[in-house]
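Structural description and commentary
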Amino acid sequence: MATEVLPDPTALRTGRRERALAQMDAHGLDMLVLGRQANIRYVTGAPQLWIAGTRPFGPMCVVVRASGDIYLNSTDDEGVPAEIGHDHLYGLAWNPMTLIDVLKKIDGADTARRVGTDAITPTFAALLPEAFPNAELVDAEPAMRAARRVKTPDEIEAMDTALRVAERGLAAALAEFAPGVSERTLAGAMMEAMAAGGVSTPATQDAAWVTSKERPWRRAGSGEVGAGDLVAFAAGALANGYVAEVGRTWPAGDSVDDQTRKLFGRSNTLYDNMLAACRPGAPTSDLLGAYEAAGEPIPPMPIAHGLGLGFDPPVVSETLLAAGEHDVLEAGMVLAITGYVWREGTGAVFRRDTVHITEGGVNVLTISPCWSGP
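Summary of the structure given here. Residue numbers run consecutively from 1 along every chain, following the written order of its sequence. Residues qualify for local features only when their pLDDT is at least 70, as the model is predicted, and side-chain atom pairs are given and counted only at 80 or more; totals for whole chains, interfaces and linings, by contrast, use all residues. Calculated side-chain values reflect all of the structure's heavy atoms, with hydrogen atoms and water omitted.

**Things to note about the overall build of the protein chain**
To keep it simple, the criterion reads: Labels follow the DSSP assignment, with helices taken as runs of H or I lasting at least four residues and strands as runs of E lasting at least two, numbered in each case from the N terminus. Note that the radius of gyration is over C-alpha atoms, with the globule rule given as 2.2 Å times the number of residues to the power 0.38. Buried means the residue's accessible area, taken with a 1.4 Å probe over protein chains only, is under 20% of the maximum for its type, while exposed means over 50%, and partly exposed covers the values in between. For this analysis, residues touch if any pair of their heavy atoms sits within 4.5 Å. Surface exposure here means Shrake-Rupley accessible area, sampled with a 1.4 Å probe, where a residue is shielded only by the protein chains that are shown. Only four residue types enter the tally: Lys and Arg on the positive side, Asp and Glu on the negative side, with His and both chain ends excluded. For this purpose, a charge sits on NZ of Lys, CZ of Arg, CG of Asp or CD of Glu.
In terms of helices and strands, the protein chain carries 10 helices and 14 strands. Taking 374 residues into account, the globule formula puts the C-alpha radius of gyration at 21 Å, and the protein chain, at 23 Å, falls close to it. C-alpha atoms of the protein chain, sized along the principal axes, occupy 70 × 45 × 35 Å. Here the protein chain holds 374 residues, and the buried ones make up 49% of them. Taking the intrachain contacts of the protein chain between residues at least 6 apart in sequence as the baseline, contacts between residues at least 24 apart amount to 67%. Element-wise, carbon and sulfur atoms account for 53% of the exposed surface of the protein chain, whose accessible area totals about 16,800 Å². The positive charge centre, built from 31 side chains, and the negative charge centre, built from 47, are 3 Å apart in the protein chain.

Here it is, written out as structure tokens:
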């Protein structure tokens, strides 16, 4: 097994970098100071250490619009692309003034007029003006989100790797699925298969659960699957920085009653409505409208979210829409769309697909089968 850390392929990283530079130009940013790991990888192509949760902002990467030069915080050149020379690498430092001194020496730092950061802390809000004495500090996250929301063809190809790993994990869990098996056994089978595919970091916390017949969500506890239970599977993989997801529901046992079949029929109707809403120029609220058109209650969790280097915009939920967050779908976006229908006494059917919105419509990237009856 190869152990060398390699940068992202040339076409992948340069395509992303061009989009970032274009957004810097559109937002009038002379420099970008980045601290978020996904943003750093997006512009550099250098794999970053995956960290659960969050951490304080630090100036870990600087992009200069005029020259296209990139300065990266790194202790060595492993995984750093050749176009980022050794003289553009700077080491870790506990003292923030050491980092400020590095920034001061970047060509153009003293003449930059607008410098954007993707996050900030009180310490660096006070110190960054020393590095950029003539610049206005502004929020650069809108520029980075605008760059990342539309995927390049090379990004679609990279995401396909993550999706196939997730789908192999789903298939492995389904191979173990039968009445009497535990949720943990199903989750273990899924994680083992994804690890064999080179992914040790799942994108979702839950892997398999028995849906509740008494309330719209999962059954309490982690027990065994009973005959007639509806079991939801959610597989998500983080491979080479990219996330892809797939979700399916399967009934346990060979005997399936009419109410269960009708519930899957409702799920199929909702799925068709959601696909029809995935078109360029459509408001994201149309995805919520797909639930209303199918006569299904809208769940409280997001019903769609962007995928990419982690999670990208948009995020679609009834709560966000009520809060005034409106967005429009664009060609090139990749979304995870989620359908969820429930019936008391039967359970729930959960379905999640990764889809690519194109000029000609929607392209479903997931290929995992859905239950369609014995």
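**Regarding the packing of aromatic side chains**
Cut-off, in case you're wondering: Two aromatic rings from Phe, Tyr or Trp, using only the six-membered ring of Trp, form a pair when their centres are within 6.5 Å; if the ring planes differ by under 30 degrees the pair is stacked, by over 60 it is edge-to-face, and anything between is tilted.
Tallying each qualifying case throughout the model produces four aromatic pairs. Measuring from ring centre to ring centre gives 5.5 Å for Trp209 and Phe350, while their planes differ by 55°; the resulting arrangement is tilted. Placement of Trp209 in strand β7 (residues 208–210) and of Phe350 in strand β13 (residues 347–358) is noted, with a sequence separation of 141 residues between them. Across the pair, exposure class does not vary: Trp209 and Phe350 are buried alike. Judged by centre distance (4.6 Å) and plane angle (45°), the rings of Phe264 and Trp371 are tilted. Residue Phe264 is located in helix α8 (residues 258–277), and its partner Trp371 is located in the segment after β14 (361–364); the two are separated by 107 residues in the primary sequence.

**Comments concerning the sheet that holds strand β6 (residues 136–139)**
We count it as follows: Paired strands, as defined in this entry, are two strands with at least two bridges between them according to DSSP.
Spatially, β4-β3-β2-β1-β5-β6 is the arrangement adopted by the six strands of the open sheet, whose pairing is mixed. Across the chains shown, the open sheet's two edge strands, defined by having one partner strand only, are β4 (89–90) and β6.

**Description of unusual backbone geometry**
Here the bond from Pro313 into Pro314 is cis, since omega is 0°, no more than 30 degrees from zero. Assignment of secondary structure puts Pro314 in strand β11 (residues 310–316). Here Asn240, not a glycine, exhibits a phi torsion of approximately 55°, which is positive. Locating Asn240 in the fold gives a position in the loop between β8 (230–239) and β9 (242–251).

**Regarding the side chain of His88**
Locating His88 in the fold gives a position in the loop between β3 (70–73) and β4. We classify His88 as buried; its relative accessible area is 14%. Beyond its immediate sequence surroundings of up to four residues, His88 is in contact with Asp69, Ile70, Tyr71 and Leu72.

**Brief notes about the packing of helix α3 (residues 96–104) against helix α4 (residues 122–131)**
Heads up, the condition is: Axes here mean lines fitted to C-alpha atoms, for a helix over just the part in contact, with angles spanning 0 to 180 degrees between N-to-C directions. Left-handed is the label given to a crossing in which the near helix is rotated counterclockwise from the far helix by less than a right angle, and right-handed is the label when the rotation is clockwise. The residue classification treats Ala, Val, Leu, Ile, Met, Phe, Trp, Tyr, Cys and Pro as nonpolar and Asp, Glu, Lys and Arg as charged. All others, Gly included, are polar.
Contact pair α3 / α4: the axes reach a minimum separation of 9 Å and the direction vectors enclose 35°. Along this stretch, α3 crosses α4, giving a crossing that reads as right-handed. In this structure, α3 contributes Pro96, Met97, Leu99, Ile100, Leu103 and Lys104 to the contact, and α4 contributes Thr123, Phe124, Leu127, Leu128, Glu130 and Ala131. In the contact of α3 with α4, the residues fall into nine nonpolar, one polar and two charged.

**Considering the nonpolar core**
Convention followed: In this description, a nonpolar core means a group of buried Ala, Val, Leu, Ile, Met, Phe, Trp, Tyr and Cys residues linked to one another through side-chain atoms lying within 4.5 Å. Throughout, the edges of the domains are those of an automatic or database domain assignment.
Ranked by internal contacts, the top residues of the largest apolar core, which has 78 residues, are Met31, Phe132 and Phe233. If one sorts the elements of this core by residue count, helix α6 (residues 153–175) sits on top with nine residues. Of the residues that make up this core, three or more belong to each of domain 1 (10–147) and domain 2 (153–364). Counting residues in hydrophobic clusters, the runner-up holds 33 residues, among them Leu263, Ala277, Ile303 and Ile337.

**Observations regarding the state of the cysteines**
The test is simple: Two cysteine sulfurs form a disulfide in these notes if their separation is within 2.5 Å.
By the definition in use, this model includes zero disulfides. Cys278 carries a free sulfur, and the closest cysteine sulfur to it, the one in Cys370, is 15 Å from it. What makes Cys278 buried here is its relative accessible area of 1%. By relative accessible area, which is 29% here, Cys370 ends up partly exposed.

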